[in-house]
Amino acid sequence: MGINIGNAPCSWGVEFAGDPRNPDWRTVLRDCAQAGYRGIELGPVGFMPEDPGLLGDALAGEGLTLIGGVVFRPFHDPAAWDDVWDGALRTCRALSAHGARHLVLIDSISPRRAPTAGRAGEAEQMEPAEWAAFVQRIRTVALLGAEEFGLTVGIHAHAAGFIDFEPELERLLDDVDEKLLRICFDTGHHSYAGYDPVAFMRRHMGRISYMHFKDIDPEVKARAIAARTGFYDACAQGIFCNLGQGDVDFPAVRQVLLDAGFDGWCTVEQDCDPAGDTSPLADARANRAYLQSIGFVGGV
């Protein structure tokens, strides 16, 4: 198989299924295919049809493979468990229906952590009992995906959540069996948090099952962290720039993947404001062209 490159609905500004600013799901599929990609993520469950026949026909019509899907829910909030479980179960069913492999778990933005995104030294930490319950919720969903649906489950660090910073991610990895929980590694969020993505990959490549490619504009990042800018406001300000224009060393990322014999999908994610002055199709094409220029092959 080699390294294949896909894209995701968040590159079209789709973060939440019910956002009225979202483009039509058919537009996202069409644009993704027209930009040259052959795989796409599900996006937030409910954005694309949950009718397997309808979505399956649309994917086939565009020549697209469904790669995986993300459960972006508040794992940190015990009162939100029903919402987390609903999102997880529906996502697993959708992925299974289309033969997708990757279930990605993300602790969504917490008001307790939002002001300290990118500020590891100031971030509030969970007490031991709260952390243990948090880990158990992640483990429970990972069991659902891995054992009941046969999916490869990866944890994804995200700015302003409770697995924002590298030590927290590594602590979680120590707490959950690697046979159950792998890593969906996002280059951009790791840089946003203030850490070196390539160094992390070199240490943990054996546990990385899936990649999200994202780049960070260092000037926008510095301003956002200094001003304590909210995550979505930072997106609107262009913190996630086109690949190759930010501070992530993608040639080095490629080399680590090649050295490890990585075999699978890497998905471009350029989070943007759905109402902003952006051209997702043009960005998708530019990101594909950049990856091709540095030697990525397969699905590019």
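Please refer to the structure higher up on the page.
All residue numbers refer to positions counted from 1 along the written sequence of the respective chain. Where local features are concerned, this predicted model is filtered to residues with pLDDT of at least 70; where side-chain atom pairs are given and counted, the filter is 80 or more; whole-chain, interface and lining totals use all residues. Heavy atoms from the whole structure form the basis of all side-chain values; hydrogens and water molecules are not counted.

Trainee: Can you help me understand the pairing of strand 1 (residues 3-7) in this one?
Mentor: When a strand is regular, its side chains alternate between the sheet's two faces. Burial here depends on accessible area, computed with a 1.4 Å probe over protein chains only, as a share of the maximum for the residue type. Under 20% is buried, over 50% is exposed, and the range in between is partly exposed. Strands are runs of DSSP state E lasting at least 2 residues, helices are runs of H or I lasting at least 4, and numbering of each runs from the N terminus. Taken across its 5 residues, strand 1 has 5 buried, putting it largely inside the fold. Burial of the side chains of strand 1 extends over both faces: I3, I5 and N7 are buried on one face and N4 and G6 on the other. Here a strand pair is declared whenever DSSP counts at least two bridges between the two strands. Relative to strand 9 (residues 264-268), strand 1 runs parallel, the two sharing 5 bridges. For I5, the partnering residue across the bridge sits in strand 9 and is C266.

Trainee: Quick question: what am I supposed to make of the nonpolar core here?
Mentor: Side chains that are nonpolar tend, in soluble globular proteins, to be buried together. Grouped together as the largest cluster of nonpolar side chains are 75 residues, with contacts concentrated most on L105, M211, F213 and L257. Per element, the largest residue contribution to this core is 7 residues, and it comes from helix 4 (residues 128-148). Beyond its immediate stretch of four places on either side in the chain, F213 contacts I5, T187, L243, F250, V253, L257, C266, T267, V268, E269, L291 and F296. Formed by 12 residues, the second largest nonpolar core is a distinct cluster that contains A159, A160, V220 and A234. What makes a nonpolar core is a set of buried Ala, Val, Leu, Ile, Met, Phe, Trp, Tyr and Cys residues whose side-chain atoms join them at distances within 4.5 Å. It only takes one pair of heavy atoms within 4.5 Å for two residues to be counted as in contact.

Trainee: Please clarify how the pattern of salt bridges should be interpreted in this entry.
Mentor: Should the charged atoms of two oppositely charged side chains come close, the side chains can pair. Within this document, salt bridges are pairs made up of a side-chain nitrogen of Lys or Arg and a carboxyl oxygen of Asp or Glu, the two lying within 4 Å of each other. Under the definition given, this model contains 17 salt bridges. For the salt bridge of E124 with R112, the shortest nitrogen-to-oxygen distance reads 2.7 Å. With a gap of 12 residues between them, E124 in the loop between strand 5 (102-107) and helix 4 and R112 in the loop between strand 5 and helix 4 connect regions that are remote in the sequence. In this structure, the salt-bridge partner of E122 is R228, at a minimum N-O distance of 2.7 Å. Of this pair, E122 sits in the loop between strand 5 and helix 4 while R228 sits in the loop between helix 8 (218-227) and helix 9 (231-236), and the two are 106 residues apart along the sequence. Residue E122 is classed as partly exposed on the basis of its relative accessible area, which comes to 42%. In this structure R228 comes out as partly exposed when scored by relative accessible area, which is 41%. Ionic contacts of the salt-bridge type, sharing partners, join the residues D186, K214, E269 and D271 into one network.

Trainee: For this particular structure, what's the right way to read the packing of helix 5 (residues 166-175) against helix 7 (residues 197-204)?
Mentor: When two helices pack together, their arrangement is given by the angle between the helix axes and the distance between those axes. The convention used is that axes are lines fitted to C-alpha atoms, helices contributing only their stretch in contact, and that angles between N-to-C directions extend from 0 to 180 degrees. The N-to-C vectors of helix 5 and helix 7 enclose an angle of 15°; their axes lie 13 Å apart at closest approach. It follows from the interaxial angle that helix 5 and helix 7 lie roughly parallel. Crossing handedness for the pair helix 5 and helix 7: right-handed. Each of E166, L169, E170 and L173 in helix 5 lies in contact with helix 7, whose residues at this interface are F200, R203 and H204. Any angle from 65 to 115 degrees is called roughly perpendicular, while one under 35 is roughly parallel, one over 145 is roughly antiparallel, and all others are oblique. Rotating anticlockwise by less than a right angle from the far helix to the near helix defines a left-handed crossing, while the corresponding clockwise rotation defines a right-handed one.

Trainee: I keep staring at the side chain of H158 and nothing clicks. Help me out?
Mentor: The residue H158 is located in the loop between strand 6 (152-155) and helix 5 in this model. Since its relative accessible area comes to 5%, H158 is described here as buried. For H158, the contacting residues outside a window of four places in its chain are F72, I106, D107, I109, I163, D164, H189 and F231.

Trainee: Any chance you could explain the pairing of strand 8 (residues 208-213) here in plain terms?
Mentor: Counting buried positions along strand 8 gives 6 out of 6 residues, so the element sits mostly inside the fold. The pairing of strand 7 (residues 182-186) with strand 8 spans 4 bridges and is parallel. Residue pairing across strands places F185 opposite M211, the latter belonging to strand 8. Taken together, the 3 bridges between strand 8 and strand 9 define a ladder with parallel strand orientation. Bridging across to strand 9, H212 finds its partner in T267.

Trainee: Please clarify how the side chain of T229 should be interpreted in this entry.
Mentor: As for its position among the elements, T229 is in the loop between helix 8 and helix 9. Residue T229 is classed as buried on the basis of its relative accessible area, which comes to 13%. Ignoring sequence-local partners within four residues, the contact set of T229 consists of Y192, R223, A224, A234 and Q237.

Trainee: Looking at this structure, I do not really get helix 7. What am I missing?
Mentor: Helical geometry: 3.6 residues make up each α-helical turn, so side chains three or four residues apart lie on a common side. When helix 7 is considered as a whole, its buried residues turn out to be P197, V198, F200, M201 and H204. In a view along the axis of helix 7, the buried residues occupy a sector of 160°, so they form one face of it. For helix 7, the elements touching its buried residues are helix 5, strand 7, helix 6 (187-192), strand 8 and helix 10 (250-259). Polar contacts, as counted here, are pairs of nitrogen or oxygen atoms within 3.5 Å of one another; within protein the pair requires one atom able to donate a hydrogen and one able to accept it, and residues that are adjacent in sequence qualify only if both atoms are side-chain atoms. With a side-chain oxygen lying 3.0 Å from the backbone nitrogen of V198, the N-terminal cap of helix 7 falls on D196. This arc corresponds to the set of directions leading from the helix axis out to the C-beta atoms.

Trainee: Hey, could you run me through the packing of helix 7 against helix 10 in this one?
Mentor: Between helix 7 and helix 10, whose axes approach to 10 Å, the crossing angle comes to 5°. In terms of orientation, helix 7 lies roughly parallel with respect to helix 10. Facing V198, M201 and R202 of helix 7, the residues of helix 10 in contact are A252, V253, V256 and L257.

Trainee: Hey, could you run me through the environment of G68 in this one?
Mentor: As for its position among the elements, G68 is in strand 4 (residues 68-73). Between the C-alpha atoms of G68 and T152, which are 84 residues apart in sequence, the distance is 9.3 Å. Those residues in contact with G68, other than ones at most four positions away along the chain, are I40, E41, L42, L95, A100 and H102.

Trainee: Where do I start with unusual backbone geometry in this structure?
Mentor: Trans is the common state for peptide bonds, and a negative phi is the common state for residues other than glycine. The residue A160 is not glycine, and still its phi comes out positive at about 75°. Assignment of secondary structure puts A160 in the loop between strand 6 and helix 5.

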